[in-house]
Amino acid sequence: MILAVLVLILMGCAPAAPLAEGVTEEGVVTKGEVKELPPVRIGVLAPLAGDDAAYGQDVTAAVSLAVEQINAAGGINGRTLEAIFENGGCNGKDATTAATKLIDVDKVPVIVGGYCSSETLAAAPLAEAAQVALISPASSNPAISQAGDYVFRVTPSDAGQGVAIAGEMIKRGHHKAAVIVANTDYTLGLAKAFKESFEKLGGVITSWETYEKDARDFRTQVAKVRASKPDAIYLSAYPTDGALVVKQIKQLKMTLPLFGGETFGSKDVVEAAGKDNLEGIVYATPKWDGTTPKATDFLQRGGVKRGAEFSLPVFAADAYDAVYLIAEALKQKPDQEPTGTIVKDYLYTVKEWQGAGGMLTIDQNGDAVKEFQIMLVHNGEFQKAP
Amino acid sequence: MSLAAQLAVNGVIAGAILALVASGFSLIYNVTKMMHFAHGAVIALAAYFAHTFTSMPIAFPFALVLTLVSTCVAGELINRLVYRPLRTRKASSAVLLIASLAAMIFLNAAIITFWGADIKTIRLPYANASIEFAGIIITSVQLTIIAVALVLLLVLWWLMKQTMIGKAMRALADNKDVAQTVGINPEQLTTITFLIGSVLAAVAGILIGIEENLHPAMGTSLIVKGFAGAVVGGMLSVPGAVLGALLLGLAQNLGIWWLPSGYKDAIAFALLFVFLLFRPQGLLGKKMRDA
């Protein structure tokens, strides 16, 4: 009853209204007739600046959309939801600063992020120690499975992606592969998962070439790959650098079949590499049907908010789902102050939950259980590989 | 044989790209004795201008001219709005250095605000053909970059040694007070320097943008390596900076033939370290006199 009154009062208020006189940080309502509670604040950790700011913009749009929708539908237990965005810079150093601020200063119970694996791996011990739930929409490094009890992701580990793409390569008759990989947690984790599965299936790695993520000149790495005489190349890269690697491979007139990580399923890469250069590249990506009603609705509304198409739509959908999961978790305990533990306990029970990012089940490691599908780029479009 | 030649060519391409960056940075340092790190961001800005103008329905050469003009305006604005007020307050070089870093961060953010963080490209009106010669493959854009870098080497040498402006620049660099007594206007000369620097930035931005695509933070990584090239070549010699950048690119690309490719940046900075220890004046620089 009291709750219903509170909801009614709150709906008449502007979201994120400043604390009225007599309302303490804990939301204890005191003086006068007006009863209101402070908003439930969640942290968001994503690359908002630097080379990878495009993904930060994806996450910002997705989270803002979810927050708006949840607030329009009455918020959480009568309280509005508010997101605080911090820049993780797609690296461990910035992510540590950002996560510390969210945990110690803003005192959020839960953080959506990091986006890049380096961000999540850096923030995980801090979140674990402070009992703050950390939910990554996109980090796929296999090490995150063991990063802590409070550490979750709504995207699957790359261990599965490595198996899928290695199997596909062997199936297509390529037994000698060269690997070109960016020197980051995400890309190395993926490339190692690929290498392990590929060798288990009897394949041979002819050459393993790394580069720093901000490098723009890969010609000598490509020349080394060519000299090692592989019959296919596996690329584990972020979109900006991956597009250039492909471009420089084609400039050196190499016609070897190319295989890659999920980042090649990005319109940005097609634009930056040129669709002729990207023609026929095969990649594995978490299975996602962008045509379900939930997904199309998200892509349409989210695209408006983003002001452009999402760079990597599947992970944007995952970020959107993460906010809804948090809201659902906190709604389970309407009489308690929101904590990371409530969210954590709820997330371990998530089974066959239908979101914009598809059907979601979370396993005992806090990882999403999702299948991978093999895709290929044809004429600048992404389609299921035959 | 062709493989070694290909690696050497790769090195020259990488070096020429750094030379485009190092030349403008070194010119401005020479005349104003100021580390203009925002030069990298001006290059990024030029690339984004080129992206915008070449996407418009206007002739390609005209788009390039517009890019050149806009970059000059931007470069001079930084000089007027950021550096000149500090110079008139007799700010130390440390203050100017910090101001240049601030300007760089500001421009990075401005690029994200106006153009967004997604990858952008500069579309050429013609195909960027790969040319094969004696087993070496190079594209027409890469050939242009190398040619421009070599022309810059000659033109900058000629400008600094043979022209009145160059002599005035060197006089100003040598002793500001004496230069003023012989009728050199430091502010005017600084403006000219920034304009020439901006032209170099525009050329670099267009060529690098075509070759490596655009992203907002591109200026930062360019200036770090361009700066290393300038130090190796000799901070007090503009042609030296071009040469140093070429050497750096060559060393990086030939070096990772034997070393794992992850050591590419390590090679660059090891070379920088060796030069700082054993030849701090750089390849072409003269020893700095004690002040």
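The preceding data block contains the structure.
Here we summarise the structure given alongside this text. (Residues numbered from 1 in each chain as written. Chains lettered and ligands numbered in written order. Predicted model: local features only at pLDDT ≥ 70, side-chain atom pairs only at ≥ 80, totals over all residues. Heavy atoms only, no water.)

Time to look at the pairing of strand β10 (residues 282-286) of chain A. Residues and elements named next belong to chain A. Taking burial as the measure, the five residues of β10 include five buried ones, the bulk of the element. Examined bridge by bridge, strand β9 (residues 258-260) and β10 share two bridges and lie parallel to one another. For Phe259, the partnering residue across the bridge sits in β10 and is Val282. As paired strands, β10 and strand β13 (residues 372-378) are joined by five bridges and run antiparallel to one another. (Buried < 20%, exposed > 50% of the residue type's maximum accessible area, 1.4 Å probe, protein only. Helix = DSSP H or I, 4+ residues; strand = E, 2+ residues; numbered from the N terminus. Pairing = 2+ DSSP bridges.)

Turning our attention to helix α5 (residues 158-171) of chain A. Residues and elements named next belong to chain A. If you check α5, its first and last C-alpha atoms are 20 Å apart, about what 14 residues at 1.5 Å a residue would give, namely 20 Å. Asp158, Gln161, Gly162, Ile165, Ala166, Glu168, Met169 and Ile170 are the residues of α5 that are buried. Packing partners of the buried residues in α5 comprise β6 (176-182), α6 (185-200), β8 (232-236), β9, β10 and β13. Immediately beyond the C-terminal end of α5, within one or two residues, lies Gly173, with a positive phi of roughly 85°. (Expected span 1.5 Å × (residues − 1). Contact = heavy atoms within 4.5 Å.)

Time to look at the state of the cysteines. All names here are of chain A. Tallied over the entire structure, the rule returns one disulfide over all chains. In this model Cys90 forms its disulfide with Cys116; the gap between the sulfur atoms is 2.0 Å. Classification of the bridge connecting Cys90 and Cys116 rests on its S-S torsion, roughly -100°, and on that basis the disulfide is left-handed. With Cys90 in the loop between β2 (81-87) and α3 (92-105) and Cys116 in the loop between β3 (110-113) and α4 (117-130), this pair connects stretches of sequence that are 26 residues apart. Accessibility expressed as a relative area gives 9% for Cys90, which makes it buried. A relative accessible area of 1% means that Cys116 is categorised as buried. (Disulfide = S-S within 2.5 Å.)

Glancing now at the pairing of β13(A). The two faces of the sheet receive side chains in turn, since in a regular strand these alternate between them. All names here are of chain A. Most of β13 is tucked away, with six of its seven residues classed as buried. Pairing geometry for β13 and strand β14 (residues 381-384), over four bridges, is antiparallel. Each residue of the ladder has a partner; that of His378, found in β14, is Glu381. Hairpin connection of β13 to β14: two residues between the antiparallel strands, including Asn379 at a positive phi of 60°.

The next subject is a nonpolar patch on the surface. All names here are of chain B. Together, Met56, Ile58, Phe62, Val65, Leu68, Val69, Val73, Leu77, Leu81 and Val199 make up a nonpolar patch on the protein surface, roughly 820 Å² of accessible area in all. Looking at the nonpolar patch, the element that brings in the most residues is helix α3 (residues 60-88), giving seven residues. Its location among the elements puts Leu81 in helix α3. Judged by its relative accessible area of 62%, Leu81 falls in the exposed class. (Patch = residues over 30% accessible without salt bridge, like charges linked within 9 Å, V, L, I, M, F, W, Y side chains within 5 Å. Areas by Shrake-Rupley, 256 points an atom, 1.4 Å probe, with all protein chains shown as cover. Salt bridge = Lys/Arg side-chain N within 4 Å of Asp/Glu carboxyl O.)

Don't take any of this as a statement about function, it's just geometry.
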